[in-house]
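Chains, contacts and geometry: an overview
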Amino acid sequence: MMDRPRSDPGASSALGKLAGFVIAVVVLAGIYVGYQALQVLFPPNTYETALLATVADTVDADGVLLFDEVYVPGGGTLGYLAADGERVSAGGSSVAEIYSSPEQAGLRQQLTSLNDQIELLQRSQNTTATQLDSLKKERASALYDMMDALDSSVYDETAQGEENYILAQNKLWVITGEVSDFSAQIASLTEQSAQVQAQLGEPTQITAPQTGYFIRNSATGRLNAGADDILALNTTDLQAYLNSDPELPLDGCAGKIVSGFAWRYVGLCSAKEGEKLLGDNGKPLTRSVKIKFPGQMETPLKASVSEVTIDEATGLACFVITCEIINGDVLRLNRASAQIIVGETTGLRVPIDAIHYLKEDGTESETQGENYIPGVYVKYGNLARFCKIDPVDNDHPLVTDGEYRIVMPSSSDKTKTVSEVRLYDEIIVSGQNLYDGKLL
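Values in this document were obtained by computation on a predicted structure and should not be read as measured data. (Residues numbered from 1 in each chain as written. Predicted model: local features only at pLDDT ≥ 70, side-chain atom pairs only at ≥ 80, totals over all residues. Heavy atoms only, no water.)

Describing the overall build of the chain
Put simply, the rule reads: Secondary structure follows DSSP: runs of H or I at least 4 residues long count as helices, runs of E at least 2 residues long count as strands, and numbering of each begins at the N terminus. The size measure is the radius of gyration over C-alpha atoms, and the globule rule it meets is 2.2 Å times the number of residues to the 0.38 power. Working definition: with a 1.4 Å probe on protein chains only, accessible area under 20% of the residue-type maximum means buried, over 50% means exposed, and in between means partly exposed. Here a residue-residue contact requires only that any non-hydrogen atoms of the pair lie within 4.5 Å.
Assigned secondary structure in the chain consists of 9 helices and 24 strands. The C-alpha atoms of the chain give 36 Å as radius of gyration, which overshoots the globular expectation for 440 residues (22 Å, by more than 25%). C-alpha atoms of the chain, sized along the principal axes, occupy 130 × 75 × 50 Å. Evaluated residue by residue, the chain yields a buried proportion of 34% over its 440 residues. Taking the contacts inside the chain whose residues are at least 6 apart along the sequence as the reference set, 76% of them involve residues at least 24 apart.

As structure tokens, then:
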């Protein structure tokens, strides 16, 4: 009999494994294609958390600052004894001194540094053992302040942080007994100070001709027209004046002194924005506003609107803002762009795309209607719930922040808001076939 051919068990096993692999690949590919199809046909819901935000209603303007100012005569190589914004007294305060040489200016800087070190060491000795914990906190706080100033590139503030850190560290050394006192260092610095003072001599002093707030000539300038002339300009003439580059340097002056603390900003803006400065009676706002100078002084200052003139023919508005807060940053300004904050709204940021409008029967409208109920769908557990927001009306004006609308958060006082959206709610920005109570 002839022997039958026998199959190889190893080959059959290999074929079986290959077939299984091919089937697995096909199944996985099918699952992937199906998943992608479901993503297209039924895209997943996207969410965004409702967070608080404050949006300012502002007026952007260009204008000039008017001060009651006098100029301090003086020239040559000057050294300043008064800081910008420092209050000085007429005849009794030296604001600067005139040096006969650059070397004399260097001696004054050296003398100032030595005296500052002596004062710091003297203050370092005024401490008690009970201050240990508070001094550790002060040292840490000073270190953090320096780091924040460096991160923010506000290098002028690092000097104060450095002084506070050294002061706290010195006091800690005294308390812990690492040093008994700083009398030896103070004596040495005092001797050096006396030597420098002898070399410095007596430079010519420049005293304040008027009581007020001082500002150096290198930090500011002056306008080429008087305050009364500027206040008399109409919108067209004010625009031409602002375009004429009206600021001049303080040549031949050591600086200027501003008396009092009130100053005015004469500004120009569009007629539409100028209407924000008027009340319902068509007169200047009686409530206070805030003014800041972007890029030059970001801290808003409380102010009031004194005058507003709308020129419909030119589409411009000119106005006068009065402020009674003064500092070194304000004193540096003459001609500057300003931002007037006429109101601020704080509420929850809700994506505009997430807002839906329901009809009285509960069905959704594709467009906004007068009687339709506005709201958003919020994820509560695994359900979608429709939460109302306030309709746009006189009590709830439309306030937007880019692609977001600012809405009132839910409150128990329904006379102020009907909004049902709460802080940190997960708002459904997009989803398929949303309705109240839908299982997510």
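Structural notes on the side chain of serine 259
Put simply, the rule is: Within 3.5 Å is the distance limit for a polar contact, defined as a pair of N or O atoms, with the added protein rule that one can donate a hydrogen and the other accept it, and that residues adjacent in sequence qualify only through two side-chain atoms.
Here serine 259 lies in the loop between strand 11 (253–258) and strand 12 (263–270). Among the polar contacts made by the side chain of serine 259, one reaches the side chain of glutamine 210 at a distance of 3.2 Å. With sequence-adjacent residues up to four places away left out, serine 259 is seen in contact with Asp68, Gln210, Thr211 and Gly212.

Concerning the sheet that holds strand 8 (residues 212–216)
So the rule is basically this: For two strands to count as paired, DSSP must find a minimum of two bridges between them.
The antiparallel open sheet is built from 4 strands, whose spatial order is 3-11-8-5. In the strand order of this sheet, the two ends are held by strand 3 (69–73) and strand 5 (87–88), each with one partner. Sheet analysis places strand 8 next to strand 11, joined by 4 bridges and oriented antiparallel. Of the residues in strand 11, the one forming a bridge with tyrosine 213 is valine 258.

As for the pattern of salt bridges
To be explicit about the condition: Within this document, salt bridges are pairs made up of a side-chain nitrogen of Lys or Arg and a carboxyl oxygen of Asp or Glu, the two lying within 4 Å of each other.
For the coordinates displayed, the defined rule picks out 10 salt bridges. Residues aspartate 84 and arginine 216 are paired through a salt bridge, measuring 2.9 Å at the closest nitrogen-oxygen approach. Remark: arginine 216 occurs in strand 8 and aspartate 84 occurs in the loop between strand 4 (77–80) and strand 5; sequence separation between them is 132 residues. Here arginine 216 falls in the partly exposed class, since its relative accessible area comes to 28%. Across the salt bridge formed by aspartate 401 and arginine 349, the nearest N and O atoms sit 3.4 Å from each other. Of this pair, aspartate 401 sits in strand 21 (residues 400–401) while arginine 349 sits in strand 16 (residues 335–351), placing them 52 residues apart in sequence. Salt bridges here are not isolated pairs; linked through shared partners, they connect Asp84, Arg216, Asp329 and Arg332.

A word on the nonpolar core
Defined as follows: Take the buried Ala, Val, Leu, Ile, Met, Phe, Trp, Tyr and Cys residues and link them wherever side-chain atoms come within 4.5 Å; each set so joined is a nonpolar core.
Core analysis: the biggest nonpolar cluster contains 33 residues, and Trp263, Tyr265, Ile291, Phe293 and Ile340 have the highest contact counts within it. Every element with two or more residues in this core is listed here: strand 2 (51–66), strand 8, strand 12, strand 13 (289–293), strand 14 (297–311), strand 15 (316–323), helix 9 (328–331) and strand 16. The element best represented in this core is strand 14, accounting for 5 residues. Among the nonpolar cores identified, the runner-up in size contains 13 residues, and Ile355, Val378, Ile389 and Ile427 belong to it.

Describing the packing of aromatic side chains
Rules: Note on aromatic pairs: the rings of Phe, Tyr and Trp (six-membered ring only in Trp) are paired at centre separations within 6.5 Å, and the planes decide the class, stacked below 30 degrees, edge-to-face beyond 60, tilted for the rest.
This structure, assessed with the given rule, holds 6 aromatic pairs. For the ring pair tyrosine 265 and phenylalanine 293, a centre distance of 5.7 Å and an interplane angle of 65° mean the geometry is edge-to-face. Here the residue tyrosine 265 occupies a position in strand 12, and phenylalanine 293 occupies one in strand 13, the gap between them amounting to 28 residues. On the basis of relative accessibility, which here comes to 0%, the residue tyrosine 265 falls in the buried class. Their ring planes at 45° and their centres at 6.2 Å tell us that tyrosine 265 and phenylalanine 319 sit as a pair that is tilted. Highlighted residues: tyrosine 265 in strand 12 and phenylalanine 319 in strand 15, separated in sequence by 54 residues.

Some points on helix 2 (residues 102–124)
Let me state the cut-off plainly: Multiplying one less than the number of residues by 1.5 Å gives the expected span of a helix.
Taking 1.5 Å of rise per residue, the 23 residues of helix 2 would be expected to cover 33 Å, and the 33 Å separating its terminal C-alpha atoms lies within 8% of that figure. Considered for burial, the residues of helix 2 that qualify are Gln104, Ala105, Leu107, Arg108, Leu111, Leu114, Ile118, Leu120, Leu121 and Ser124. Packing partners of the buried residues in helix 2 comprise strand 4, strand 6 (94–99), helix 4 (158–176) and helix 5 (183–200).

Looking at the sheet that holds strand 4
Definition in use: Structural elements are reduced to axes, namely lines fitted to C-alpha atoms, with helices fitted over the stretch in contact, and the angle between N-to-C directions of any two is expressed from 0 to 180 degrees.
Taken in spatial order, the 3 strands make up an open sheet running 4-6-7, and their pairing is antiparallel. Of all strands in the sheet, those bounded by a partner on one side alone are strand 4 and strand 7 (204–207). Neighbour to neighbour, the strand axes of the sheet diverge by 30° on average, direction disregarded. As paired elements, strand 4 and strand 6 share 4 bridges and run antiparallel to each other. The residue of strand 6 that forms the bridge with leucine 78 is isoleucine 98.

Brief notes about helix 7 (residues 235–242)
To keep it simple, the criterion reads: Summarising the geometry, the arc corresponds to the directions from the helix axis toward the C-beta atoms.
Turning to helix 7, its buried residues are Thr235, Leu238, Tyr241 and Leu242. Projection of helix 7 onto a plane perpendicular to its axis shows the buried side chains occupying an angular sector of 120°, all on one side. With a side-chain oxygen lying 3.2 Å from the backbone nitrogen of threonine 236, the N-terminal cap of helix 7 falls on asparagine 234.

A closer look at a nonpolar patch on the surface
As a reminder, the rule being used: For patch detection, residues must exceed 30% relative accessible area and be free of salt bridges, and they are connected within 9 Å for like charges or within 5 Å for nonpolar side chains (Val, Leu, Ile, Met, Phe, Trp, Tyr). For the accessible areas, the method is Shrake-Rupley and the probe is 1.4 Å, while residue cover comes only from the protein chains on display.
A contiguous nonpolar patch, built from Ile23, Val27, Leu28 and Ile31 and spanning about 410 Å² of accessible area, is present on the exposed surface. Tracing the chain through its elements places valine 27 in helix 1 (residues 9–41). Judged by relative accessible area, which is 46%, valine 27 ranks as partly exposed.

Regarding the environment of serine 288
Mapped onto the elements of the fold, serine 288 is located in the loop between helix 8 (271–274) and strand 13. When the C-alpha positions of serine 288 and serine 304 are compared, they lie 4.9 Å apart, and in sequence the two are 16 residues distant. Sequence-distant contacts of serine 288, defined by excluding residues within four places in its chain, comprise Lys302 and Ala303.

Concerning the pairing of strand 14
The pairing of strand 13 with strand 14 spans 4 bridges and is antiparallel. Within strand 14, the position partnered with lysine 290 by the bridge is lysine 302. Bridge count for strand 14 against strand 15 is 8 bridges, and the pairing is antiparallel. Bridging from a neighbouring strand, isoleucine 310 pairs with alanine 317 of strand 15.

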